[in-house]
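# Descriptive analysis of the structure
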Amino acid sequence: MKSRRKFLQTLTVAGAAATLPINLMAEQSKKQKMIHQVFFWLNDDVDVNDFKKEAAVLGKCKTVAKFYMGTPAPTEKRSVVDHSYQVSCTLFFDSIEDQNEYQVDPMHLAFVEKNSNKWNKVQVYDFVI
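Just so you know, these numbers come straight off a predicted model, no measurement behind them.

The rules behind the values
Residue positions are given per chain, counting from 1 as you read along its sequence in written order. Given that the model is predicted, a residue must reach a pLDDT of at least 70 before its local features are reported, and side-chain atom pairs must reach 80 or more before they are shown or counted; all residues, however, enter totals for whole chains, interfaces and linings. In computing side-chain properties, one takes all heavy atoms of the structure into account and sets aside hydrogens as well as water. Think of it this way: any DSSP run of H or I at least four residues long counts as a helix, any run of E at least two long counts as a strand, and we number them from the N terminus. Burial classification: accessible surface area is computed with a 1.4 Å probe over protein chains only, and a residue below 20% of its type maximum counts as buried, one above 50% as exposed, and the rest as partly exposed. Any Lys or Arg side-chain nitrogen found within 4 Å of a carboxyl oxygen on Asp or Glu counts as a salt bridge. Working convention: axes come from line fits to C-alpha atoms, limited for helices to the stretch in contact. Angles between N-to-C directions cover 0 to 180 degrees. Orientation categories follow fixed angle ranges, with anything under 35 degrees roughly parallel, anything over 145 roughly antiparallel, 65 to 115 roughly perpendicular, and all other angles oblique. Residue contacts follow a heavy-atom distance rule, with two residues in contact if any of their heavy atoms lie within 4.5 Å. Put simply, Ala, Val, Leu, Ile, Met, Phe, Trp, Tyr, Cys and Pro go in the nonpolar bin, Asp, Glu, Lys and Arg in the charged bin, and everything else, Gly too, in the polar bin. Only buried residues count toward a nonpolar core. Its members are Ala, Val, Leu, Ile, Met, Phe, Trp, Tyr and Cys residues joined through side-chain atoms within 4.5 Å.

When you go through the protein chain residue by residue, the secondary structure sums to four helices and four strands. Written out in order from the N terminus, the α and β elements of the protein chain read α-β-α-β-β-α-α-β. Across the 129 residues of the protein chain, 24% fall into the buried class.

The structure is reproduced here in structure tokens:
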């Protein structure tokens, strides 16, 4: 009887120890800051400066901590550098939850609805810092 009880105790402790890192990582990721990078390939008839004026509204969404927008830098052409996009926006958030709120922010949704006909491709890179 003692060995069975000891086995069950060991099994319980091992199970708790196995799930602790997963729960801890999930909790930590909620608290991590996040960067959301969006690259736009615009249609040929779209003026880049006009589009940048429209995209500036994204930085005014309430959960955006920092916002930067730019165009490809005139750096050396190398196989690992992509200069093919026209505009990039980099948005900083204090948490993944803030980024989730941004996705449904009325200003963000209005920007997408008004301007989605101006690009032929969008690529997003999200990462925690």
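A separate point is the pattern of salt bridges. Overall, the coordinates contain two salt bridges when judged by the stated rule. A salt bridge links Asp94 to Lys33, with the shortest nitrogen-to-oxygen separation between them at 3.1 Å. Taken as a pair, Asp94 in the loop between strand E3 (87–93) and helix H3 (96–103) and Lys33 in the loop between helix H1 (2–31) and strand E1 (34–42) lie far apart in primary sequence, 61 residues in all. On the basis of relative accessibility, which here comes to 40%, the residue Asp94 falls in the partly exposed class.

A few words now on the packing of helix H2 (residues 48–55) against helix H4 (residues 106–115). Contact geometry of H2 with H4 gives a least axis separation of 10 Å together with a crossing angle of 155°. In terms of orientation, H2 lies roughly antiparallel with respect to H4. Here H2 contributes Phe51, Glu54 and Ala55 to the contact with H4, which in turn contributes Phe111, Lys114 and Asn115. Residue classes in the contact of H2 with H4 are distributed as three nonpolar, one polar and two charged.

This brings us to the nonpolar core. The biggest cluster of nonpolar side chains holds 17 residues, and the ones touching the most others in it are Phe40, Leu42, Phe51, Leu91, Tyr102 and Phe111. Those elements that provide at least two residues to this core are E1, H2 and E3. Once you skip the residues sitting within four places of it in the chain, Phe40 turns out to touch Phe51, Tyr85, Gln86, Val87, Cys89, Phe111, Trp119, Lys121 and Val122.

With respect to the helices, strands and loops of the structure, Tyr85 is situated in the loop between strand E2 (66–70) and E3. With a relative accessible area of 14%, Tyr85 lands in the buried category. When the C-alpha positions of Tyr85 and Phe40 are compared, they lie 5.7 Å apart, and in sequence the two are 45 residues distant.

Looking now at the side chain of Thr63. Note on placement: Thr63 falls in the loop between H2 and E2. The exposure class of Thr63 is buried, given its relative accessible area of 10%. Excluding residues that lie within four positions of it along the chain, Thr63 makes contacts with Phe92, Phe93, Asp98, Glu101 and Tyr102.

These results come straight from atomic positions and should not be treated as a statement about function.
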